[in-house]
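# A closer look at the structure
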Amino acid sequence: MDAIDRSETVGELLTQATRHLANAGIPFPVDEARLMMAEVLEVSRAWVIAHPEASLPPDRRQLFLDYTSRRAAHEPVAYLVGRREFYGIDFEVSPSVLIPRPETELLVDHAVAASARLQAADERRNLVAVDLGTGSGAVAVVLAMRQPRLRVIAVDRSADALDVAGANAAIHGVADRIEFRQGDLLQGIDERIDLLVANLPYIPTAEIDHLMPDVRDYEPHEALDGGSDGMVLIRRTLEEAVDRMATAGVLLFEIGDGQGDSLIETARQLYPDATVQVFKDYAGFDRILSIEMG
């Protein structure tokens, strides 16, 4: 970092940081350096690109150096800056929660569409939606924002994660419409569930050590480890939900690639009269298990 320490301007710092990140094996080092600079200066990335001659105040310069060192050690940028954009909205994150992924936006798309169908079919009552493994609360918050008539119950085993989720609900003005509960899957859920949305751990235990260091070394393993085949918690939830779902309920799960056929078989055994489908993401991977009853 000595070369960076001698740099003064935005352009010089970016050049040195980019080289440092590239040597550390960070993908897209130019983009990452610009993003960190924009965060440090509280400006847009376009401003960063347009003003390479600008100097940094000493405290901002030191923060950029700190960010660069930590990112070179593969700490995710979202944890450095304390937030991540999801569904066009900024969410606070911390190392106690999984960083929201773009692929999870597909889960939200299906959940919003399913809740709209359910509400159209029964306009006389507010429906109950349960978000399992809420983490940062991203799915629950977006669902509450998009579907104001839903009563949303967000569940997580981690008290620290629920603190983050609660803060995000307050920031986005839906804290009064989301009830946060600490618990293990559906234990403690006595309500009849109209919509179940679950982004549970689905990575096989044996694969955890082979993940990218950004994930393996920094994100909470309890939010990643899905057991021996990655589907242990999903199968448990499918079993627990049988007696809790409304007659015309919908269950939606984010799943891992290659898990679709096995989970379809399990779902059809447990919900023989339901329409069971697996939807692929934009990369062509298995991503959403959908079970529509009634």
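Described below are features of the structure shown in this document. As the structure is a prediction and not an experimental result, all values here were calculated from the model.

## Concerning the side chain of S115
Structurally, S115 is set in helix α7 (residues 104-121). Beyond its immediate sequence surroundings of up to four residues, S115 is in contact with L127, L143, Q147, L150 and L195.

## Some points on the pattern of salt bridges
For the structure on display, the rule yields 19 salt bridges. Of the charged contacts in the structure, one is a salt bridge between E39 and R83, with a shortest N-O distance of 2.7 Å. Of this pair, E39 sits in helix α3 (residues 29-41) while R83 sits in strand β1 (residues 83-86), placing them 44 residues apart in sequence. For E39, a relative accessible area of 22% corresponds to the partly exposed category. Note on R83: relative accessible area 32%, which makes it partly exposed.

## Description of the pairing of strand β5 (residues 178-182)
Of the pairings in the sheet, the one linking strand β4 (residues 151-156) to β5 comprises five bridges and is parallel in character. Looking at the pairing, V152 lines up with I178 of β5. Each parallel crossover has a hand, and for β4 linked through helix α9 (residues 159-171) to β5 it is right-handed.

## Points about the packing of aromatic side chains
Under the defined criterion, the tally for this structure stands at two aromatic pairs. Aromatic side chains F86 and Y87 sit 6.2 Å apart centroid to centroid with 40 degrees between the ring planes, which places their arrangement in the tilted category. Just as F86 is buried, Y87 falls in that class too. Measuring from ring centre to ring centre gives 6.2 Å for F86 and F91, while their planes differ by 70 degrees; the resulting arrangement is edge-to-face. For the residue pair F86 and F91, the accessibility class agrees, reading buried in each case. Taken together, the ring pairs in this structure connect F86, Y87 and F91 into an aromatic cluster.

## Some remarks on the layout of surface pockets
Roughly 1,300 Å³ of internal volume is contained in the largest pocket. In terms of lining residues, the largest pocket is bounded by 45 residues, among which R84, I99, R101, P102 and E219 are the most central. Every element with two or more residues in the lining of the largest pocket is listed here: α3, α6 (77-81), β1, α7 and α10 (213-216). Grouping the amino acids of the lining of the largest pocket by side-chain chemistry returns 22 nonpolar, four polar and 19 charged. The wall of the second largest pocket is formed by 31 residues, among which G133, T134, G135, D156 and N199 lie closest to the centre. For the lining of the second largest pocket, the elements supplying multiple residues, two or more each, are β3 (128-132), α8 (138-146) and β4. Classifying every residue of the lining of the second largest pocket gives 16 nonpolar, nine polar and six charged.

## Observations regarding the sheet that holds β3
The mixed open sheet is built from seven strands, whose spatial order is β5-β4-β3-β6-β7-β9-β8. Looking at the sheet topology across the chains shown, the edges are occupied by β5 and β8 (275-280). Strand-to-strand, the axes of this sheet are offset by a mean angle of 15 degrees, without reference to chain direction. Inspection of the sheet shows β3 paired to strand β6 (residues 193-198) by four bridges, in the parallel sense. The residue of β6 that forms the bridge with V130 is L196.

## Details of α9
If you check α9, its first and last C-alpha atoms are 19 Å apart, about what 13 residues at 1.5 Å a residue would give, namely 18 Å. Taken together, the buried positions of α9 are occupied by A161, L162, V164, A165, N168 and A169. The arc that holds every buried residue of α9, seen down its axis, measures 160 degrees, which confines them to one face. Across from the buried face of α9, at angles greater than 90 degrees, the exposed residues are D163 and A170. For α9, the N-terminal cap is S158; the gap from its side-chain oxygen to the backbone nitrogen of D160 is 3.3 Å. Two residues or fewer after α9 comes G173, characterised by a positive phi angle close to 75 degrees.

The rules behind these values
Residues numbered from 1 in each chain as written. Predicted model: local features only at pLDDT ≥ 70, side-chain atom pairs only at ≥ 80, totals over all residues. Heavy atoms only, no water. Helix = DSSP H or I, 4+ residues; strand = E, 2+ residues; numbered from the N terminus. Contact = heavy atoms within 4.5 Å. Salt bridge = Lys/Arg side-chain N within 4 Å of Asp/Glu carboxyl O. Buried < 20%, exposed > 50% of the residue type's maximum accessible area, 1.4 Å probe, protein only. Pairing = 2+ DSSP bridges. Right-handed = clockwise from strand over helix to strand, strands pointing away. Phe/Tyr/Trp six-rings, centres within 6.5 Å; stacked < 30°, edge-to-face > 60°. 1 Å grid on protein atoms, 1.4 Å probe; cavity = no way out; pocket = protein on both sides within 12 Å on 5 of 7 lines; lining within 4 Å. Points joined across faces, edges and corners; volume = space filled by probe spheres on them. Nonpolar A, V, L, I, M, F, W, Y, C, P; charged D, E, K, R; others polar. Axes fitted to C-alpha atoms, helices over the stretch in contact; angles between N-to-C directions. Expected span 1.5 Å × (residues − 1). Arc of directions from axis to C-beta. Polar contact = N/O pair within 3.5 Å; in protein donor to acceptor, adjacent residues only side chain to side chain.

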